[in-house]
Amino acid sequence: MTEAAGGRPGRGRPRSERARAAILAAAADLLVSGGIDAVTMEAIAARAQVSRSTIYKWWPSRAHVILESFFNRSRHTMAVDENASLQEVLTSQVTSLTRLFRDTDAGPLMADLMAASQADPDIRAALDEQWLRPRRQIGASLLQAGIERGELDAGTDIAAAVDQIFAPVYYRLLLGHEPLHDSLAATLVRQVLDGLRPRLQPDEGPGSPAPAGGHSAGI
């Protein structure tokens, strides 16, 4: 057993891990209670009972703390069921995002972060690094796997397809012109995947065999 200073056995999480968790929790609490402007390095340090230098040891700016705390609270919405079809997985991803924005305080907070990112390069960089990029990578890897299985056209523009599937959720969040209802996810995914199916060649008919090694995965 390892021992803490003074020869006593260490208990619980290491001090650095406890401090990091406290900082993220403090940032999340401040974000919910006071919005982006309330989340300053001074406020985070006071609430987490750490020094500002401790915060800067792990994050280059308050924006990165904000986004990591925000991301940690919504990580579950990125879960991928390895046994589900491509259509089911993508629908689940969009449904989770829709409900997160519609049913929790994450919706208004994300709208505020996106608005603030237009004038704050730190928030823009953190939003890309800690929110958009991880989510886009999951969607892109799912679509790439569908191409490799022969379920989607080999010429699919993956980046554009990811935008087509997920962007309408952000569009409705920001403008509020249409509701974020549960059926939106299935509609978006179905319509996009229908347009990405492999095109039949002139000598192929509806009964032609599927590509070797491929499976429909329920699309």
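Quantities reported herein were computed from a predicted structural model and do not represent experimental measurements.

Moving on: the pattern of salt bridges. Tallying each qualifying case throughout the model produces 11 salt bridges. In this structure, D128 engages R133 in a salt bridge whose closest nitrogen and oxygen atoms are separated by 2.4 Å. Taking relative accessible area as the criterion, D128 reaches 30% and is therefore assigned partly exposed. Across the salt bridge formed by D163 and R136, the nearest N and O atoms sit 2.5 Å from each other. One end of the pair, D163, is in helix 8 (residues 158-175); the other, R136, is in helix 7 (residues 121-148), and 27 residues separate them in sequence. Connected through shared salt-bridge partners, R99, R102, D103 and D182 make up one network.

A few words now on the packing of helix 7 against helix 8. Where helix 7 contacts helix 8, the axes come no closer than 9 Å and their chain directions differ by 130 degrees. Of the possible angle classes, the one that applies to helix 7 and helix 8 is oblique. Read as a crossing pair, helix 7 and helix 8 show a hand that is right-handed. In this structure, helix 7 uses W131, L132, R135, R136, G139, A140, L143, Q144 and I147 to contact helix 8, whose residues at the interface are I158, A159, A161, V162, D163, I165 and Y170. For the contact of helix 7 with helix 8, a count of residues per class yields 11 nonpolar, 2 polar and 3 charged.

Relative to the elements of secondary structure, E68 occurs in helix 4 (residues 62-73). Its relative accessible area of 15% is what places E68 among the buried residues. Ignoring anything within four residues of it in the chain, the contact list for E68 reads R20, L24, W59 and Q130.

All right, on to helix 8 then. Given 3.6 residues per helical turn, the α-helix brings residues three or four places apart onto the same face. Over its 18 residues, helix 8 runs 26 Å from end to end, which matches the ideal 26 Å to within 8%, given 1.5 Å per residue. A maximum bend of about 40 degrees is found in helix 8 at F166, where proline P168 lies one to four positions downstream. Considered for burial, the residues of helix 8 that qualify are I158, A161, V162, I165, F166, V169, Y170, R172 and L173. Looking at the packing, one finds that the buried side of helix 8 touches helix 5 (86-103), helix 6 (106-117), helix 7 and helix 9 (183-196). One side-chain oxygen at the N-terminal end of helix 8 lies 3.3 Å from the backbone nitrogen of A159; it belongs to D157.

It is at 12 Å that the axes of helix 4 and helix 6 come closest, and there the two elements cross at 150 degrees. Considering their axes alone, helix 4 and helix 6 lie roughly antiparallel with respect to each other. The handedness of the crossing between helix 4 and helix 6 is left-handed. Between helix 4 and helix 6, the contacting residues are I66, L67, F70 and R73 on the first element and A106, L109, M110 and L113 on the second. Broken down by class, the residue content of the contact of helix 4 with helix 6 amounts to 7 nonpolar, no polar and 1 charged.

The volume enclosed by the second largest pocket comes to roughly 270 Å³. L132, R136, D163, F166 and Y170 are the residues nearest the centre of the second largest pocket, which is lined by 14 residues in total. Elements supplying a minimum of two residues to the lining of the second largest pocket: helix 5, helix 6, helix 7 and helix 8. Taken together, the residues of the lining of the second largest pocket sort by class into 10 nonpolar, 1 polar and 3 charged.

Moving on, we come to the environment of A43. With respect to the helices, strands and loops of the structure, A43 is situated in helix 2 (residues 41-48). Judged by its relative accessible area of 22%, A43 falls in the partly exposed class. With 17 residues separating them along the chain, A43 and A26 place their C-alpha atoms 8.4 Å apart. Excluding anything up to four places from it in sequence, A43 contacts L30 and A38.

Okay, the confidence of the model for the protein next. In this model, the protein carries an average pLDDT of 86, and 84% of its residues clear a pLDDT of 70 or more. Mean pLDDT values over the elements of the protein span from 89, in helix 4, up to 97, in helix 8. pLDDT under 50 marks residues 1-10. Its contacts with residues more than four places away, or in other chains, come to 8 contacts. In the predicted structure, residues 208-219 sits below a pLDDT of 50 and forms 17 contacts with residues beyond four places in sequence or in another chain.

The rules behind the values
Residues numbered from 1 in each chain as written. Predicted model: local features only at pLDDT ≥ 70, side-chain atom pairs only at ≥ 80, totals over all residues. Heavy atoms only, no water. Salt bridge = Lys/Arg side-chain N within 4 Å of Asp/Glu carboxyl O. Buried < 20%, exposed > 50% of the residue type's maximum accessible area, 1.4 Å probe, protein only. Helix = DSSP H or I, 4+ residues; strand = E, 2+ residues; numbered from the N terminus. Axes fitted to C-alpha atoms, helices over the stretch in contact; angles between N-to-C directions. Parallel < 35°, antiparallel > 145°, perpendicular 65-115°, else oblique. Left-handed = near helix turned anticlockwise from the far one by under 90°. Contact = heavy atoms within 4.5 Å. Nonpolar A, V, L, I, M, F, W, Y, C, P; charged D, E, K, R; others polar. Expected span 1.5 Å × (residues − 1). Bend = angle between axes of the 7 residues up to and from the residue. Polar contact = N/O pair within 3.5 Å; in protein donor to acceptor, adjacent residues only side chain to side chain. 1 Å grid on protein atoms, 1.4 Å probe; cavity = no way out; pocket = protein on both sides within 12 Å on 5 of 7 lines; lining within 4 Å. Points joined across faces, edges and corners; volume = space filled by probe spheres on them. pLDDT = per-residue confidence, 0-100.

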